[in-house]
Amino acid sequence: MDFQEFKDSLSNDTPPSGITEELIAMWYAGKDNWDQSHNIAQDIPNSNGDWIHAYLHRWEGDEWNASYWYRRAGKAKPSYSLVEEWNVIVQALL
């Protein structure tokens, strides 16, 4: 699956089959379903899960919590938009 196919799948009611938990979390984020995305991301025990978790807390405006998760992920908090960060994360995970 490439990036455009992933973005196109956002018009579906369910995430594509055969993708990782990380991508499922980002799929729900792309559908503006913060709660479902967060529920998945908080159970991903690796740095990608931490990165997604950071993004989600940045999205909700919880900068302190976002900063904590960016540090855990080994990532700098980006200065670009949330839309761009979604793109960057999804492309990295694909």
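Keep in mind it's a predicted model, so treat the numbers as computed, not measured. (Residues numbered from 1 in each chain as written. Predicted model: local features only at pLDDT ≥ 70, side-chain atom pairs only at ≥ 80, totals over all residues. Heavy atoms only, no water.)

Undergrad: I would appreciate a short explanation of the layout of surface pockets in the present structure.
TA: A probe as big as a water molecule, rolled over the atoms, marks out the empty space that is left. Space inside the largest pocket adds up to approximately 170 Å³. As for the largest pocket, its lining consists of Leu10, Ala29, Gly30, Asp32, Tyr55, Trp59, Leu82, Val83, Trp86 and Asn87. Elements that contribute at least two residues to the lining of the largest pocket include exactly helix H2 (21–30), helix H4 (47–60) and helix H6 (82–93). Ranked by residue count, the leading element in the lining of the largest pocket is H6, at 4 residues. Each residue belonging to the lining of the largest pocket can be placed in one class, and the counts come to 7 nonpolar, 2 polar and 1 charged. (1 Å grid on protein atoms, 1.4 Å probe; cavity = no way out; pocket = protein on both sides within 12 Å on 5 of 7 lines; lining within 4 Å. Points joined across faces, edges and corners; volume = space filled by probe spheres on them. Helix = DSSP H or I, 4+ residues; strand = E, 2+ residues; numbered from the N terminus. Nonpolar A, V, L, I, M, F, W, Y, C, P; charged D, E, K, R; others polar.)

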